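Fold and geometry: a report
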Amino acid sequence: VERAMRMIWQQVEDGLTVRDLVDRLPVSPRTLVRRFEKALGRTPHQEIRRSQTSAARRLLITTDMPLGEVAVRSGLGTASNLSQAVRRTYGLSPTRLRRRHR
C-alpha cells in the first residue's frame, strides 16, 4: 500500500489507473483493493481520485492556470472531469473554489 500510495501521489498528473498500479506491483487487483481497504478504508481508485482532486485544488488556489491546464496537470484530463470532481468533493465549481481561496 505504501508503494502504491507513493506512485499515486508522485504520478498524479499521468492519469494513473488501478490497472497501472497492478501492472507495476507484484499484487493482484483484488489483493490491492483489500489491502487498501484494510489500511486506509478506501479503494485504490478512491485514493487516485482523492490525489487528483487535491492536486487540482492546490493548482486552482495557487495559480492562474486555465481550467483545462489544471485538469491535465492534476490527472483529471478534461475541464469537464475537473468540474465534476471538484463539485463532488468541495461542493463548488472550480472557478468558485479559486475565488473563495484567494
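Parameters at a glance
In every chain, residue numbers begin from 1 and rise along the written sequence. Where totals are concerned, whole chains, interfaces and linings use all residues; where local detail is concerned, this predicted model gives features only for residues with pLDDT of at least 70, and gives and counts side-chain atom pairs only at 80 or more. Neither water nor hydrogens contribute to the side-chain values; these are computed over all heavy atoms in the structure. Helix and strand definitions follow DSSP, with helices as H or I runs of at least four residues and strands as E runs of at least two, each counted in order from the N terminus. Only protein chains enter the calculation, and the probe is 1.4 Å; a residue is then buried if its accessible area is under 20% of its type maximum, exposed if over 50%, and partly exposed in between. Residues count as neighbours in contact if any of their non-hydrogen atoms are within 4.5 Å of one another. Where accessible areas are quoted, they stem from the Shrake-Rupley method and a 1.4 Å probe; at the residue level, only the protein chains shown are allowed to cover. A side-chain nitrogen of Lys or Arg and a carboxyl oxygen of Asp or Glu constitute a salt bridge if their distance falls within 4 Å. Interaxial angles span 0 to 180 degrees and are taken between N-to-C directions of axes, which are lines fitted to C-alpha atoms, for helices over the stretch in contact. Crossings are assigned a handedness: left-handed for a near helix turned anticlockwise from the far helix by less than a right angle, right-handed for a clockwise turn. Note that Gly is not counted as nonpolar here; it falls among the polar residues with everything else outside the nonpolar set of Ala, Val, Leu, Ile, Met, Phe, Trp, Tyr, Cys and Pro and the charged set of Asp, Glu, Lys and Arg.

**Comments concerning the overall build of the protein chain**
- Helix and strand counts for the protein chain stand at seven helices and zero strands.
- Moving toward the C terminus, one meets the helices and strands of the protein chain in the order α-α-α-α-α-α-α.
- Principal-axis analysis of the C-alpha atoms places the extent of the protein chain at approximately 40 × 20 × 20 Å.
- In the protein chain, which comprises 102 residues, the share counted as buried stands at 39%.
- Put simply, of all contacts in the protein chain between residues at least 6 apart along the chain, 51% involve residues at least 24 apart.
- With an accessible surface of roughly 6100 Å², the protein chain has 47% of that area assigned to carbon and sulfur atoms.

**Points about the pattern of salt bridges**
- In this structure the tally under the stated criterion is seven salt bridges.
- Overlapping salt bridges bring together Glu13, Glu69 and Arg73 as one network.

**Thoughts on the side chain of Ser74**
- Mapped onto the elements of the fold, Ser74 is located in the loop between α5 (67-73) and α6 (79-90).
- Ser74 has contacts with Val12, Glu13, Gln52, Ala55, Ala56 and Leu59, leaving out every residue within four places of it along the chain.

**Describing the environment of Arg49**
- Structurally, the position occupied by Arg49 is in helix α4 (residues 44-62).
- With a relative accessible area of 28%, Arg49 lands in the partly exposed category.
- Placed 20 residues apart in sequence, Arg49 and Glu69 show a C-alpha to C-alpha distance of 17 Å.
- With near-sequence residues (within four places) excluded, Arg49 lies in contact with Leu76 and Ala85.

**Overview of the packing of helix α1 (residues 2-10) against α4**
- Running from N to C, α1 and α4 point in directions that differ by 35°, and their axes come no closer than 9 Å. Here the hand of the crossing between α1 and α4 comes out right-handed. Here Met5, Ile8 and Trp9 of α1 lie close against α4, whose contacting residues are Pro44, Glu47, Ile48, Arg50, Ser51 and Ser54.
- Looking at the contact of α1 with α4 residue by residue, the class counts come to five nonpolar, two polar and two charged.

Geometry only, nothing functional implied.
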